[in-house]
Structure formats: structure tokens, C-alpha cells
Amino acid sequence: MGILLRRFVKFATRSAIVMCGQENKKMSVQATVEELTHVCMENRRLLQVLANGKLKQELALEHIKKYADIGITVNDFQKGLEWFNVSEGLSLRDHLSGKVVVLDFFTYCCINCMHILPDLDVLEKNFTIEDGLVVVGVHSAKFSNERDSTKILSAVQRYNIAHPVVNDAKMTMWRDIGISCWPSLVILGPEGQPLFILVGEGHQEELLLYVKVALSYFKSLDQISNRSLPLKPAQHLLPASKDVLLFPGKIHTFEMKNTEQVIVSDTGNNRILIMDNNGKVEHVIGGYAPAFKDGNFENARFNAPQGICAIDQSIFVADSENHAIRKIDLSTRSVSTVAGIGSQGQDYTGGKLGKDQELSSPWDVAIYRHSQGERTVPVLLIAIAGTHQIWALFLEDTTWWKNKEYKAGTCVAIVGNGREENRNNCYPHAASLAQPSGLAVAQDFDTVYFADSESSTVRSVHLKDGKVSAVCGADKNPSNLHNFGDVDGKQYAAKLQHPLGVAWSRTEGILYVADTYNHKIKKVDPEGNCTTVYGGGKPTNEHTFDEPSGLAITRNGEILYVADTNNHAIKAINLKDGKVSTVSVSLPEETGGATDYTSNFDTAISTSGGDFSFAFDISFKDNLKLNPEAPQRWSLILPSNTWSATSLSGDIKDSINVKIPRGEQRAKLCINFDIVACRSDECIPKRMTVVFNVLRQSDAACKVVEKKQLEIK
């Protein structure tokens with residue numbers, strides 16, 4: 001054992017003695033967790049020094065052995081809590097006994113919590129429930145709106161969270177364990193004993209290491225159970241309208257060939273739609289399956305795109321979960337990456353060119369025309385939610401603040417020091433932002449307004465010198481990120497709740513704000529007077545809002561478009577008469593419900609219910625073959641919420657497993673495929689639908705396994 005490892009073991013042993021006390025003196029879970037947190041921090045430093053993988057595993061094993069036998073276990077979940085992705089509430093003493101459990105304490109507004117999800121996804125791909133691992137999301141709300149289970153359900157669906165999630169609205173588990181911030185991960189042993197704690201983001205390697213070692217250790221003691229859980233994915237609760245729009249995030253208007261067009265980031269469907277004012281979609285860019293891929297409109301892929309803006313024949317997209325800025329060229333019908341490397345970065349300064357510059361969760365974009373001598377040059381402003389900053393992508397050679405020169409293609413932080421605060425300042429790099437999520441440029445005033453979502457404020461940057469100022473919301477205490485509400489008023493007297501979108505009306509000289517968690521649209525004048533103009537709080541009918549996230553105003557200032565995110569809709573507000581209507585979005589036939597191939601099969605299963613497992617072997621005529629580098633996905637539509645599936649989407653190589661309830665009524669089980677097939681000179685995206693007519697017969701089997709051959713033209 002190395003010197004560092006011996007030091008750690010000595011440190012961990014001493015801590016364990018302190019925690020256990022003398023002669024059966026028992027400490028609380030909170031005290032245990034507090035001590036454990038300090039030990040884990042020391043452990044983390046040692047792991048960074050160790051290069052040998054075997055030594056890392058030995059260190060982790062010694063740690064787990066010490067804390068497995070301390071005798072402290074966490075309290076069980078309270079009864080009666082609302083759960084998601086399972087058919088019944090889970091218990092640490094029952095369902096999760098014999099499992100290594102990772103508790104993810106999160107709140108769905110938090111960008112750092114979103115950054116944890118890919119790590120958990122990797123973890124769950126490496127270790128299954130049958131292997132002994134269970135991830136449980138413990139939703140511990142920051143904002144009052146987030147305590148509402150319907151909103152948590154939308155977030156679970158929006159972020160494609162497949163593991164069990166519980167709404168701990170009163171934060172009972174949070175307090176019982178002694179959690180202090182979002183996100184926090186707590187690894188529990190098979191008896192509910194706390195083993196390891198990770199605070200913040202960026203701990204994928206440690207997470208994988210400790211879970212792997214814990215599973216191996218407890219299996220050697222025969223303490224791991226391979227039983228399954230009553231999973232029931234929440235995706236089937238999405239409305240039928242999701243086939244057109246799914247959680248649209250942002251919206252933008254622009255002029256093309258003397259005609260005003262509307263651009264929608266169809267975030268949940270991972271694509272961009274360009275349509276006319278009546279909702280007729282003319283261009284669909286991207287596809288349903290998330291990916292990071294440049295190419296033509298059909299082949300390009302996005303991952304949860306958010307902010308959009310246009311200049312001339314170019315549309316810029318904040319491709320949030322690809323951590324990149326993409327450019328759509330309307331003249332060549334192509335998509336290219338202009339900034340970002342396709343994965344999350346931790347750079348708080350920038351200065352690299354284009355695709356060499358890493359980014360972290362860009363959420364909105366806007367064009368500012370910067371005066372430079374006798375001409376103006378376009379600068380793309382970017383709200384970087386992940387590092388709490390505003391960045392700039394210089395589209396041409398530009399002389400910026402303090403006469404600093406930037407070459408075309410340079411991407412750099414221009415506002416914010418990266419600390420999450422509500423701190424205004426005359427010096428842009430001394431200011432602190434809190435998850436900026438919406439941008440609106442008032443060109444005539446050389447100002448960009450931004451929705452600072454985690455501080456529940458609207459703030460501004462003067463683009464001649466970088467001064468950051470308060471507009472409305474919160475208070476003067478820069479560290480207070482919990483001063484939110486729903487109050488009309490002036491400047492600090494006004495209260496907002498996690499606003500995500502802003503739009504500047506040049507004709508009126510006012511700013512419209514999507515007050516997202518209050519489900520309202522408000523307006524703010526240059527003096528900071530904030531007034532509610534549309535929405536009545538809790539959504540109750542077609543023309544109220546449910547977490548509106550994006551706004552856009554037509555050139556003539558008459559129509560305000562709203563990306564009404566949780567209603568999966570675009571709303572149009574006539575600013576003259578106040579009438580609100582839903583835009584009827586119609587996709588081109590070949591992109592909508594139409595498919596390249598439809599097939600029907602019959603299968604029978606017992607009236608007592610059972611398990612139906614099936615897979616497909618796909619082949620093509622005309623020399624086409626599946627492209628192994630492209631995402632080849634299926635999605636499942638269950639006939640009712642009494643049916644359940646291991647997963648509602650997956651790769652075509654995966655089998656599909658459906659649990660069918662007791663009953664006698666026949667039903668239709670639909671599987672949609674989004675695939676890419678190629679020949680030597682071209683690749684063709686295809687959509688297919690397969691329907692199983694499920695017959696119910698008393699003498700049929702309870703377990704059916706089938707593999708179907710699909711030959712597609």
C-alpha cells in the first residue's frame with residue numbers, strides 16, 4: 001500500500017472513531033454526513049494525486065469498509081410522497097434494500113443539476129438495477145413553483161430522466177441527511193448507510209469508481225439483491241401534441257425575402273422549425289434523436305437547442321446540451337458548428353477560435369451591431385448559463401471595449417466573473433451573474449437586457465462600456481438568490497420567479513419578460529416599472545401559460561410570440577387588442593405523421609397479463625444499409641397508462657420489453673423508428689412505424705418473445 005493510501009486509511013480510521021465515539025456513543029445522521037463530507041473532500045484530493053488505478057480502487061475500498069460498519073443509516077422516505085417513473089412509492093427498507101443507492105438531490109431549475117444528468121446516465125449504462133445499483137432523484141425545490149408535482153413531471157419528461165424521482169416538497173430527506181446545496185450526490189450502502197458524498201458537478205470518475213467498488217465489495221458479502229423495481233416511465237403521459245412541438249424553448253422572428261418568418265427551437269424534439277406567421281412550417285432542421293452532427297438540414301442533429309437569432313441568411317442556435325453554437329445557412333441549407341467542442345467545458349475566460357473554444361450550456365443568443373468607425377460589425381452575444389456569464393462570438397474582426405482587438409471567429413467571456421451572484425458593477429468582469437437564460441438587444445440604446453433566472457431578476461449591460469445594472473426584481477444583496485415572488489412594482493420592489501425570456505419592443509420602447517415560474521408575461525419600462533400584462537398565475541385553460549420560456553416580437557411591434565414550453569405550444573398575443581391565440585403549427589407532410597414504411601403484426605398474450613419482448617432485424621432494398629455512425633432510434637407509444645415498459649426509447653439494436661396488464665380488450669402497440677440509411681453516394685433519413693395488434697386470449701402464453709424481419713424499400 002502506497003504512502004498516500006496509508007495516510008488516507010489512517011485519516012479515515014481516525015474520522016470513523018471520532019464519528020462512532022466511545023463505547024456505542026451514537027451520532028445523528030447529520031453529524032455523520034458532515035464528518036463524511038470532510039473525509040470525502042480529503043479523499044478527493046488524494047484521488048487527484050494517485051495515477052495508479054489499482055491504488056484508487058484500494059483507497060475506495062478501504063473507505064467503504066470503514067463507513068459500511070459505522071452503524072448509521074438514513075431515515076426512509078416519508079410515506080405519501082409523489083413519485084415519478086415508478087408505479088408505486090419506493091422504500092429504502094423494502095424496494096431498495098440490498099441495493100447501492102445514489103441519491104441525487106436536485107432542483108430542476110438548476111443548471112449545475114442538469115450537468116449531473118449525463119454523469120448519472122453513464123453510471124446507469126454501466127450498472128443496472130439487477131446489478132444492484134439504483135439512482136433516485138430527490139427533488140428538493142428551490143422555487144415555490146417547483147414544489148408542484150405537475151411541474152416536476154414536465155421536467156422529468158423534458159430532461160429524459162428515466163430513473164425514479166420523488167417530490168420531497170418539504171425537503172424532509174434533505175434535512176434528515178443534512179444536505180446544504182444543489183446538486184449533492186449521496187451513495188448509500190445496501191442497508192441505507194451513507195458511504196460517500198459528492199457536492200457540485202464534475203465528479204463522473206469518482207462516481208463510477210465508488211459505485212463499482214461498493215457493488216463489488218457488498219456482492220462479496222452476499223448483500224446485493226438482483227430484484228427489479230416497479231418502473232413505469234413517465235414519457236407515456238405526454239400529450240398527443242408532442243408529435244408537433246415538444247417543450248419549445250425559444251422563438252425568434254426575422255425577415256427573409258421581404259417576408260417575416262418565425263423560428264422555433266423545438267427543444268424536446270431536438271430540431272429547429274422555420275415557419276410563416278400562420279404556423280406553416282417551411283423548413284425542419286435536425287431530427288428527433290439527439291446528436292452532435294453538422295450537415296444538411298436532414299442529416300444535421302442538435303441536442304436540446306434553445307436560443308436562436310438570425311442575421312441575413314444565417315441563423316445562430318444555442319445548442320445547449322451539445323454546449324455549442326451552431327449556424328444554419330439558409331442559402332446552402334446546411335448546419336455547421338461555429339463555437340464549442342460538443343461537450344461541457346469549464347473555461348471562464350475564452351479567447352480561442354470557434355470550434356476550439358469549449359462552452360458550458362449556452363442558453364440564448366442575440367445579435368448586436370457594434371459601431372466601429374464609420375461602419376457597424378455584427379457581434380453574437382451568448383448567454384452562457386453554465387458558467388454564469390455572457391460571452392461574445394466576433395463574426396468579423398472587431399475592436400471591442402478598451403480598444404482590444406479580436407479576430408473573426410474569436411469566442412470570449414465579456415461579462416461576469418463566473419461566481420453565481422446578483423452583483424452589478426461598472427466593470428463587466430467584476431459583475432456576477434446567476435444563470436443568464438434570455439437576451440434581448442435594444443440596439444438604439446446600445447443595451448442588452450438579460451433574464452438572470454436564478455436571481456429572479458432582469459438586468460442590463462451597456463454595450464459601449466460593459467456596465468452591468470439592475471432593472472427589476474430581487475434586492476440589493478448580491479448573495480441573496482432566494483428573493484423571488486410575484487409582485488408588480490418598480491425596480492427592487494418588483495418580484496419575479498425564475499424568468500427565462502425577454503424581448504425588446506422597439507416601437508413601444510419597453511421590454512417584455514417571460515416570468516416563467518409565475519406563468520406570466522410582464523412588461524418593464526426603462527425606469528424599471530414592472531407590470532403583469534398577460535397570464536393569471538396557475539394555468540387553467542388553453543390561453544394561459546405554463547412555464548413560458550421564450551418571447552419574440554414582430555417587426556411592426558403588433559404581435560408578441562410566446563414559446564409556451566410546458567403546453568407544447570406557440571402562443572400569439574395581439575398587442576393592440578390583447579387577444580391571445582394558439583398558433584396552429586403544421587409540419588410538411590413528409591416530416592409530420594407520414595412514414596416511409598408501415599407494418600402491422602398480430603401477437604397474442606394471456607388475459608392474465610404478461611411480458612412481451614420483441615426486436616427487429618431491418619434490411620433495405622436499393623443497396624441501402626444502416627449507417628453505424630448515425631443515431632438509429634426507436635420510440636414506443638403505449639396504448640394506456642396501465643401498460644409499462646423498461647424504456648420508451650432506445651437504439652434499434654436493443655430489444656423492447658413491455659409489461660402488459662390483466663385484461664381482455666385487444667390493443668395497438670406502436671413503435672416509431674427514426675433511422676438513417678446510406679448507400680455509397682448519399683444518406684437518407686427514414687421514419688417508420690410498426691404496429692402490434694395485441695390480442696388477448698386465455699390460453700395464450702404469459703411471456704412472449706418475438707423477432708420480426710422488416711424489409712424496407
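A brief look at the structure comes next. (Residues numbered from 1 in each chain as written. Predicted model: local features only at pLDDT ≥ 70, side-chain atom pairs only at ≥ 80, totals over all residues. Heavy atoms only, no water.)

## A closer look at the overall build of the protein chain
Working step 1: Per the secondary structure count, the protein chain includes 7 helices and 45 strands.
Working step 2: The C-alpha radius of gyration computed for the protein chain amounts to 27 Å, which stays within 12% of the reference 27 Å derived for 713 residues, consistent with globular compactness.
Working step 3: Relative to its 713 residues, the protein chain shows a buried fraction of 58%.
Working step 4: The long-range share in the protein chain, meaning contacts at least 24 apart out of those at least 6 apart in sequence, stands at 59%.
Working step 5: By element, 46% of the accessible surface of the protein chain is carried by carbon and sulfur atoms, the whole surface being about 29700 Å².
Working step 6: Charge separation in the protein chain, taken as the distance between the mean sites of 76 positive and 83 negative side-chain charges, equals 3 Å. (Helix = DSSP H or I, 4+ residues; strand = E, 2+ residues; numbered from the N terminus. Rg over C-alpha atoms; globule rule 2.2 N^0.38 Å. Buried < 20%, exposed > 50% of the residue type's maximum accessible area, 1.4 Å probe, protein only. Contact = heavy atoms within 4.5 Å. Areas by Shrake-Rupley, 256 points an atom, 1.4 Å probe, with all protein chains shown as cover. Lys, Arg positive; Asp, Glu negative; His and termini not counted. Charge placed at Lys NZ, Arg CZ, Asp CG, Glu CD.)

## Quick notes on the packing of helix 3 (residues 53-68) against helix 7 (residues 204-220)
Working step 1: Where helix 3 contacts helix 7, the two axes come as close as 9 Å, and the packing angle between them is 60 degrees. In terms of their interaxial angle, helix 3 and helix 7 are classed as oblique. As helix 3 runs across helix 7, the sense of the crossing is right-handed. Residues Lys56, Gln57, Leu59, Ala60, Leu61, His63, Ile64, Lys65 and Ala68 of helix 3 form the contact with helix 7, whose participating residues are Glu205, Leu209, Tyr210, Lys212, Val213, Ala214, Tyr217 and Phe218.
Working step 2: Tallied by class, the residues present in the contact of helix 3 with helix 7 amount to 11 nonpolar, 2 polar and 4 charged. (Axes fitted to C-alpha atoms, helices over the stretch in contact; angles between N-to-C directions. Parallel < 35°, antiparallel > 145°, perpendicular 65-115°, else oblique. Left-handed = near helix turned anticlockwise from the far one by under 90°. Nonpolar A, V, L, I, M, F, W, Y, C, P; charged D, E, K, R; others polar.)

## Brief notes about helix 3
Working step 1: Under the 1.5 Å per step criterion, the end-to-end length of helix 3 is 22 Å for 16 residues, consistent within 8% with the ideal 22 Å.
Working step 2: Within the sequence span of helix 3, burial applies to Lys56, Leu59, Ala60, His63, Ile64, Tyr67 and Ala68. Taken end-on, helix 3 shows its buried residues confined to a sector of 155 degrees, consistent with a single buried face. (Expected span 1.5 Å × (residues − 1). Arc of directions from axis to C-beta.)

## Quick notes on the pattern of salt bridges
Working step 1: Enumeration according to the criterion identifies 23 salt bridges in this entry.
Working step 2: The salt bridge involving lysine 142 is made with glutamate 454; its shortest N-O contact spans 3.0 Å. In this pair, lysine 142 sits in the loop between strand 3 (133-139) and helix 5 (149-158) while glutamate 454 sits in the loop between strand 24 (447-452) and strand 25 (457-462), placing the two residues 312 residues apart along the sequence. There is no split in this pair, since lysine 142 and glutamate 454 are both buried.
Working step 3: Note that aspartate 651 is salt-bridged to lysine 653, the shortest N-O span being 3.0 Å. (Salt bridge = Lys/Arg side-chain N within 4 Å of Asp/Glu carboxyl O.)

## Quick notes on the packing of aromatic side chains
Working step 1: Applying the stated rule across the entire model yields 21 aromatic pairs.
Working step 2: When the centroid spacing of 5.1 Å and the interplanar angle of 85 degrees are considered together, the rings of phenylalanine 612 and phenylalanine 692 count as edge-to-face. Residue phenylalanine 612 is found in strand 37 (residues 610-620), and its partner phenylalanine 692 is found in strand 44 (residues 682-697); the two are separated by 80 residues along the sequence.
Working step 3: Given a relative accessible area of 0%, phenylalanine 692 falls into the buried group.
Working step 4: Through pairs of rings, three or more aromatic residues link up here, namely Phe601, Phe612, Phe614, Phe616, Phe673 and Phe692.
Working step 5: The positively charged end of arginine 158 is found above the aromatic ring belonging to tyrosine 159, 5.1 Å away from the centroid.
Working step 6: Its guanidinium or amino end placed over the ring of phenylalanine 247, arginine 158 lies 5.6 Å from that ring's centre, counting from NZ or CZ. (Phe/Tyr/Trp six-rings, centres within 6.5 Å; stacked < 30°, edge-to-face > 60°. Lys NZ or Arg CZ within 6 Å of the ring centre and 35° of its normal.)

## Description of the packing of helix 2 (residues 29-49) against helix 7
Working step 1: It is at 12 Å that the axes of helix 2 and helix 7 come closest, and there the two elements cross at 105 degrees. As far as their axial angle goes, helix 7 and helix 2 are roughly perpendicular. Within the contact between the two elements, helix 2 uses Asn43, Arg44 and Leu47 and helix 7 uses Glu206, Leu209 and Tyr210.
Working step 2: When grouped by side-chain class, the residues that make up the contact of helix 2 with helix 7 number 3 nonpolar, 1 polar and 2 charged.

## Observations concerning the pairing of strand 29 (residues 510-515)
Working step 1: Taking burial as the measure, the 6 residues of strand 29 include 6 buried ones, the bulk of the element.
Working step 2: Note: strand 28 (residues 501-505) against strand 29, 5 bridges, orientation antiparallel. Its bridge partner lying in strand 29, alanine 503 is registered against tyrosine 512.
Working step 3: If you look at the hairpin formed by strand 28 and strand 29, you'll find 4 residues sitting between the two strands, and glycine 509 has a positive phi there, around 70 degrees. (Pairing = 2+ DSSP bridges.)

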